Amino acid sequence: MSTTFQYDVIVVGAGHAGCEAAVAAARMGARTCIITMDMNKIAQMSCNPAIGGIAKGQIVREIDALGGYTGVVTDASAIQFRMLNRSKGPAMWSPRAQCDRMRFIQEWRKVLENTENLHIWQDEVAEIIVENGRIVGIDTVWGARFMAGSVVITAGTFLRGLMHVGKKQVSGGRCSEPAASFLTESITKYGIRSARMKTGTPVRIDARSVHFDEMEVQPGENDFHRFSYVSESRPLPQLPCWTCATNAEVHRILQQGLPDSPLYNGQIQSIGPRYCPSIETKIVTFPDRDTHPLFLEPEGLDTNELYLNGFSSSLPMEIQLEALKKMPCFRDIVVYRPGYAIEYDFFDPTQLKHSLESKIVEGLFFAGQVNGTTGYEEAAGQGIIAGINAALKCSGSDTFTLGRDEAYIGVLIDDLVTKGVDEPYRMFTSRAEYRILLRQDNADMRLTPYAEKLGIADENRKQKFHAKKENVDKIIDFCKNFSIKAHKINPFIESVGSTPLRNGCKLYDLINRPQVTLDNISTQIPAFRELLNNIPLDAEETIEAAEIEMKYHGYISRERDLADKMQRLESIKIHGRFNYEELTQLSTEARQKLTAINPETLAQASRIPGVSPSDISVLLVLLGR
């Protein structure tokens, strides 16, 4: 007889998706339990010890704005911070931080263990329990039964995980951790489709064996930027990273090992990541290149373990080591473990609603790599949305979703459920058609009001948000109303390399000039300098946010207008209104895709690959009838 526990929400897996899902559900008042096979590996950084990057950093800022904790934990464990893409416009700026891997786990576990309504259970989930098409609970391998109104599956790479190093194969979800062997079949028997994907990780190197003098140092930055809108600072010492590159001799040895590569000898059949390829994929895909850049990154403050970014591999161990030793900086290399590839099960995300609830089993939610994504940030972004909706489901409330014009998280989820995946999905700024609206600096302005409404934002977050909003408005209002006299300001304008004024203007108009910043112009206007000096909280972040809003106002307004036009199609509901197979006016591919995905709105239908503008026009005509 099993022991039975009663909860509102069960979260299966305590990776980045699971942690965000569990905390969000619990903070909304749902009695929540997160189940993990190893409590010492909560929010483990399975691959690189870093958070953020291009577009990924924006996602973490959005999670934080929604009241999530990935940004808070990252700031607390960061050992190097950089703002990427500074040479481009602010729509492209992307924060990234190296983290102390062990501190990251400790900080996340501290969050979980101090969140009200949230419990942790160490076990493996073996079976989901479904009655009349609705999830009612799960069973574990140790005989515990957990009953719940909502269940969130965030099993990462653990579902029938299989690791590869050359011809060697070992079952596992990560190095030295067992795979989850039973859960996939328990889910697919209800008609939910699964397939296999592949990812990989590189060699881990002992710092004592590296010739750092043969590498280029890559220092971090230590300005006011950080991930969380509520973090005070980064408390840990900051460390450098290093860069180096492969060479022709390295490539020659790697080429010799290809017959024993699981990727090229037929051993691995599943889909690998296009945008984070293994080193063997790089030398096959780019045969004319003699070098590929590599980045050596610290794993923490108190360890000699280093991560070799760019050298992901599943080649035989001896080939990996022999190739690395052909690089001057690694000629005496000692490693902790070789790189390996891992295959795992995922579920077709087109079978999900935008809330990340299954269309097939009510109350069953999926988030993270089980939906065919890659990356901690993409997983965590899905996790917080799944956790919010799992809690809303239990209370009978309406679902919570984000539009493509509201968040990168909205783009991510819409892409998954509308287009599906044919390779591990990774977020890029180019995937967002409204990226000028979706900047890292304004995620709080976009999303914190939702966190307040949902009850996830605590008093500190609410206070900081409203103070920042008020001060940004004050700065912009001052600039709109303060008049500039040409003869008084022209000496300054010429000194910064800008064209002098012929007539007076408002300060707001002057700010649009690239050479003029709030900081340098304030030296000429005592009242404005006083206003900026008297901003009480996060002054530098507030000033930057106001300046971006003013300098890019025209672009922002134009993109907002485009988004509003598309929103009209979003308001046209078509779910359940057509039998697409009977609509002979549509192309055969459109009928097949529309039947399979059954989109909620006309806008979603327009984004499905294979559905043409003429197909959308047909649907509009039929709706008119």
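These numbers were taken from a predicted model, which means no experiment stands behind them.

Thresholds, definitions, all that
- Residues numbered from 1 in each chain as written.
- Predicted model: local features only at pLDDT ≥ 70, side-chain atom pairs only at ≥ 80, totals over all residues.
- Heavy atoms only, no water.
- Core = buried A, V, L, I, M, F, W, Y, C linked by side-chain atoms within 4.5 Å.
- Buried < 20%, exposed > 50% of the residue type's maximum accessible area, 1.4 Å probe, protein only.
- Helix = DSSP H or I, 4+ residues; strand = E, 2+ residues; numbered from the N terminus.
- Contact = heavy atoms within 4.5 Å.
- Pairing = 2+ DSSP bridges.
- Axes fitted to C-alpha atoms, helices over the stretch in contact; angles between N-to-C directions.
- Polar contact = N/O pair within 3.5 Å; in protein donor to acceptor, adjacent residues only side chain to side chain.
- Salt bridge = Lys/Arg side-chain N within 4 Å of Asp/Glu carboxyl O.

## Comments concerning the nonpolar core
With 109 residues, the main nonpolar core has Ile10, Trp108 and Ile153 as its most contacted residues. Looking at this core, the element that brings in the most residues is helix α9 (residues 376-395), giving 10 residues. Those residues in contact with Ile153, other than ones at most four positions away along the chain, are Val12, Ile128, Leu183, Ile187, Leu364, Phe365, Phe366, Ala367 and Val370. Grouped together as the second largest cluster of nonpolar side chains are 27 residues, Val472, Tyr508, Ile525 and Ala546 included.

## Remarks on unusual backbone geometry
Trans is the prevailing form of peptide bonds, just as negative phi is the prevailing case for residues other than glycine. One non-glycine residue with positive phi stands out, namely Asn117, at about 75°. Position of Asn117 relative to the elements: it lies in the loop between α4 (101-113) and β7 (118-122). Taking the relative accessible area as the measure of exposure, Asn117 reaches 33% and is therefore partly exposed. Phi is positive for Leu356, which is not a glycine, with a value near 75°. Summarising the element assignment, Leu356 is placed in the loop between β20 (340-347) and β21 (364-366).

## Some thoughts on the sheet that holds strand β9 (residues 134-140)
Taken in spatial order, the 4 strands of this open sheet run β1-β10-β9-β8, and their pairing is mixed. Either end of the sheet is taken by a strand with one partner, and the two such strands are β1 (3-6) and β8 (125-131). On average, each strand axis in the sheet is tilted by 25° relative to the strand beside it, whichever way the strands run. The pairing of β8 with β9 spans 6 bridges and is classified as antiparallel. Among the inter-strand pairings, Glu127 is bridged to a residue of β9, identified as Asp139.

## With respect to the sheet that holds β7
Backbone-to-backbone hydrogen bonds pair the strands of a sheet. The strands run either parallel or antiparallel. The 5 strands are arranged β7-β3-β2-β11-β21 in an open sheet whose pairing can be described as parallel. The sheet terminates laterally at β7 and β21, the two strands that pair on one side only. With direction set aside, neighbouring strand axes in the sheet form an average angle of 20°. In this structure, strand β3 (residues 32-36) lies alongside β7, joined through 5 bridges in parallel fashion. In the strand pairing of β7, Thr36 is matched with Gln122. Taken strand by strand, α9 contacts β2 (9-12), β11 (150-153) and β21, and its axis lies near 165° from that of β11.

## Let's talk about the pairing of strand β18 (residues 305-312)
The buried fraction of β18 amounts to 7 of the 8 residues, a majority that puts the element mostly inside the structure. Note that strand β14 (residues 194-206) and β18 share 4 bridges and pair antiparallel. Paired with Arg204 across the strands is Tyr307, a residue of β18. In terms of strand pairing, strand β17 (residues 293-298) meets β18 through 4 bridges, oriented antiparallel. The partner of Leu296 across the bridge, within β18, is Leu308.

## Description of the environment of Arg446
Counting through the fold element by element, Arg446 comes out in helix α11 (residues 443-454). Each C-alpha atom, one on Arg446 and one on Ala65, is 8.0 Å from the other, the two residues being 381 residues apart in sequence. Contacts of Arg446, omitting those with residues within four sequence positions, involve Glu62, Glu406, Ala407, Leu437, Leu438 and Arg439. Within the structure, the side chain of Arg446 is placed 2.8 Å from the side chain of Glu62, a separation counted as a polar contact.

## Some points on the pairing of strand β10 (residues 144-147)
Pairing of β1 with β10 involves 4 bridges; the strand directions are parallel. Of the residues in β10, the one forming a bridge with Thr3 is Ala144. The loop that links β9 with its antiparallel partner β10 comprises 3 residues; one of these, Gly143, has a positive phi angle of about 90°.

## Overview of the pattern of salt bridges
Inspection of every chain in the model, using the stated rule, returns 46 salt bridges. The residue Arg86 makes a salt bridge to Glu221 at a minimum N-O spacing of 2.9 Å. Remark: Glu221 occurs in the loop between β15 (216-218) and β16 (241-245) and Arg86 occurs in the loop between β5 (78-84) and β6 (94-99); sequence separation between them is 135 residues. In this structure, Arg208 and Asp206 form a salt bridge, with 2.7 Å as the shortest nitrogen-oxygen distance. The exposure class of Arg208 is exposed, given its relative accessible area of 65%. Given a relative accessible area of 7%, Asp206 falls into the buried group. Several salt bridges share partner residues, and in doing so they unite Arg404, Asp414, Asp415, Lys419, Glu433, Glu570 and Arg607 into one network.

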